[in-house]
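The residues making up each chain are set out below.
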Amino acid sequence: MPKTYAFFDTLLITWYLRHKRELPWRATKDPYKIWLSEIMLQQTRVVQGLPYYLKFIEAYPTVKDLAEAPESDVLKLWQGLGYYSRARNLHATAKMVSNEMNGIFPKTYKNLLKLKGVGDYTASAIASICFDEPEAVVDGNVYRVISRIFGIKTPINSTSGQKKFKELAQNLIDKNQPGTYNQAIMEFGAQYCVPQNPDCENCIFKNMCAAFQTETVSNLPVKIKAKPVKRRYFNYLVILANNERTILQQRLGKGIWHKLYEFPLIETLDEINLNELIALPEFHKQTKDLNIESVVLYNEKAVIHKLSHQHLNTRFWIVETSHLKKQAAVGEHDVSISEIDNYAVPVLIENFVSEFFENYG
DNA sequence: AACACGGGGCG
DNA sequence: CGCCCAGTGTT
């Protein structure tokens, strides 16, 4: 190992012990709690995930409690955190561990990797934190810290980059305290070696940081450009029967929000007006058994709901009817307005519901 | 190897 | 408006 690596881990851990945040999952080695926190924090900031972690631990103190819950409850509790496949895989894995593994989590990196929703990062985190296995985590923080200190320009989202960074990280880890080391490098990236305008002048690695020496900090890490954002046009049919009942539709296709609920949706290639809406075959299909009294556009100015790779240009159409259809289609639920809150819905829908039904109770 | 998958926060 | 966040699974 090159000489410059020699005290890297010691410096890092010393910094960590002085500056680390006190977080609930840092006060335990319970694999269930570590696993839960790691799944929640995938692509998610600590401050955003923390309240969800507390809710989940309260609702499901053990993996058995989580396993015995209906998936719909788990999704509802996850509502708003995003990347909902995490919640579905979380629940599937809880059932697997509870039912097939006697409630005991695997104790090795290799076996942890077999769990649904557990990839290289999460398996490394659990193995090191709970079982002292020296397996290096490589998350967004680690990519940033390592690329800067060692001046590595390989794109972090290329296959060769992932291999290279994992290898280097594995050489850096403190094998005597791998869990502490792994958390230290992530915390250092999150709190000090931040993406924008890090305080390099006062950094403990100032003298060995390749990026600082060559003034390339702002260029690292290198990342292959993301695809342009896609624009989509959503028309939601908010069907109101006697101002008391409505229809929710579960998303069961391939795309976003799988298994979450929304109002009946008509997606178009552009923004449409009332005449265009009611002329659509889909509109007739969605409303054929209704006795429509009126169709009114709720928001002339579309809500632009922003996801990482999509901007959803959304308008809500209020469809008043004297009754709801009798025969529900697949995934369709006839619900009273007060029951909407029981369903897991995307933030886009939650925002509309809380605004529109504010005065309904 | 590329792509899909949420939502929020920051400059 | 673009970038990033304690990444993983599918194609």
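Calculation criteria
Residues numbered from 1 in each chain as written. Chains lettered and ligands numbered in written order. Predicted model: local features only at pLDDT ≥ 70, side-chain atom pairs only at ≥ 80, totals over all residues. Heavy atoms only, no water. Near = heavy atom within 4 Å. Polar contact = N/O pair within 3.5 Å; in protein donor to acceptor, adjacent residues only side chain to side chain. Helix = DSSP H or I, 4+ residues; strand = E, 2+ residues; numbered from the N terminus. Core = buried A, V, L, I, M, F, W, Y, C linked by side-chain atoms within 4.5 Å. Buried < 20%, exposed > 50% of the residue type's maximum accessible area, 1.4 Å probe, protein only. Contact = heavy atoms within 4.5 Å. UniProt positions renumbered as here; feature names shortened; annotations may be inferred. Nonpolar A, V, L, I, M, F, W, Y, C, P; charged D, E, K, R; others polar. Salt bridge = Lys/Arg side-chain N within 4 Å of Asp/Glu carboxyl O. Domains from an automatic or database assignment. Buried area = accessible area lost by both parts, 1.4 Å probe.

### Some points on the protein's contact with DNA strand C
Stage number 1. Close to DNA strand C lie 28 residues; Leu41, Gly117, Gly119, Arg144 and Lys254 are nearest.
Stage number 2. Here DNA strand C approaches the protein such that, of its atoms within 4 Å, sugar and phosphate make up 69%.
Stage number 3. At 3.0 Å, a backbone N or O of Gly140 approaches a phosphate oxygen of DNA strand C.
Stage number 4. Of all the secondary structure elements, the ones that give two or more residues to the surface near DNA strand C are helix 8 (120-131), helix 9 (140-149) and helix 11 (178-191).

### A few points about the environment of Ala59
Stage number 1. Mapped onto the elements, Ala59 comes out in helix 3 (residues 46-59).
Stage number 2. In the structure, Ala59 is positioned 18 residues away from Leu77 in sequence and 9.0 Å away in space, judged by C-alpha atoms.

### A closer look at the nonpolar core
Stage number 1. Ranked by internal contacts, the top residues of the largest apolar core, which has 103 residues, are Trp35 and Ile146.
Stage number 2. A total of seven residues in this core trace back to one element, the largest contributor, which is helix 8.
Stage number 3. Those residues within four positions of Trp35 in sequence are excluded, and the remaining contacts are Leu66, Leu90, Thr93, Ala94, Phe105, Val118 and Ile126.
Stage number 4. Judged by nonpolar contacts, the second largest core, of 13 residues, contains Ile239, Ile266, Ile272 and Leu324.

### Observations regarding the UniProt feature "domain: HhH-GPD" (unreviewed entry) in chain A
Stage number 1. Here the UniProt feature "domain: HhH-GPD" (unreviewed entry) sits at residues 40-191.
Stage number 2. Structurally, residues 40-191 is divided into 65% helix and 0% strand, and its ends, taken at the C-alpha atoms, are 19 Å apart.

### What about unusual backbone geometry?
Most of the time, phi is negative for any residue but glycine, and the peptide bond is trans.
Stage number 1. Cis geometry marks the peptide bond from Leu220 to Pro221, where omega comes out at 0°.
Stage number 2. Topologically, Pro221 is positioned in the loop between helix 12 (210-213) and strand 1 (230-241).
Stage number 3. Its identity is not glycine, yet Asn102 carries a phi of approximately 60°, on the positive side.
Stage number 4. Tracing the sequence through the fold places Asn102 in the loop between helix 6 (85-100) and helix 7 (109-112).

### Examining the protein's contact with DNA strand B
Stage number 1. Close to DNA strand B lie 23 residues, the nearest being Thr159, Gly255, Ile256, Trp257 and Ser308.
Stage number 2. Among the atoms of DNA strand B close to the protein, meaning within 4 Å, 59% are from sugar or phosphate groups.
Stage number 3. Residue Ile256 places a main-chain N or O atom 3.2 Å away from a phosphate oxygen belonging to DNA strand B.
Stage number 4. Ser308 is positioned with one of its side-chain polar atoms (N or O) 2.7 Å from a base oxygen of DNA strand B.
Stage number 5. Within the surface near DNA strand B, the residues separate by chemical class into eight nonpolar, eleven polar and four charged.

### Observations regarding the pattern of salt bridges
Stage number 1. Enumeration according to the criterion identifies 15 salt bridges in this entry.
Stage number 2. Linking Asp132 and Lys29 is a salt bridge whose minimum nitrogen-to-oxygen distance equals 3.6 Å. Within this pair, whereas Asp132 is found in the loop between helix 8 and helix 9, its partner Lys29 is found in the loop between helix 1 (8-19) and helix 2 (31-40), the two being separated by 103 residues in sequence.
Stage number 3. Residue Lys29 is classed as partly exposed on the basis of its relative accessible area of 48%.
Stage number 4. The partner of Asp334 in a salt bridge is Arg245, and the shortest N-O contact between them spans 2.7 Å. Placement of the pair is Asp334 in strand 8 (residues 332-336) and Arg245 in strand 2 (residues 245-250), with a sequence separation of 89 residues.
Stage number 5. By relative accessible area, which is 40% here, Asp334 ends up partly exposed.

### A word on the domain arrangement of chain A
Stage number 1. Under the domain assignment, chain A is made up of domain 1 (3-219) and domain 2 (230-356).
Stage number 2. Distance from the C-alpha centre of domain 1 to the C-alpha centre of domain 2: 38 Å.
Stage number 3. Tallying the contact residues gives seven residues for domain 1 and eleven residues for domain 2.
Stage number 4. Interface area, domain 1 with domain 2, both sides summed: about 780 Å², of which 57% is carbon and sulfur.
Stage number 5. When the buried area of domain 1 at its contact with domain 2 is split by residue, Lys76, Gln79 and Tyr84 rank highest and sum to 55% of it.
Stage number 6. Here domain 1 and domain 2 share one salt bridge between them.
Stage number 7. Lys259 is paired through a salt bridge with Glu71; the nearest N and O atoms lie 3.1 Å apart.
Stage number 8. In terms of residue count, helix 5 (residues 71-78) provides more of the side of domain 1 that touches domain 2 than any other element does, three residues in total.
Stage number 9. Its residues assigned to classes, the side of domain 1 that touches domain 2 shows two nonpolar, two polar and three charged.

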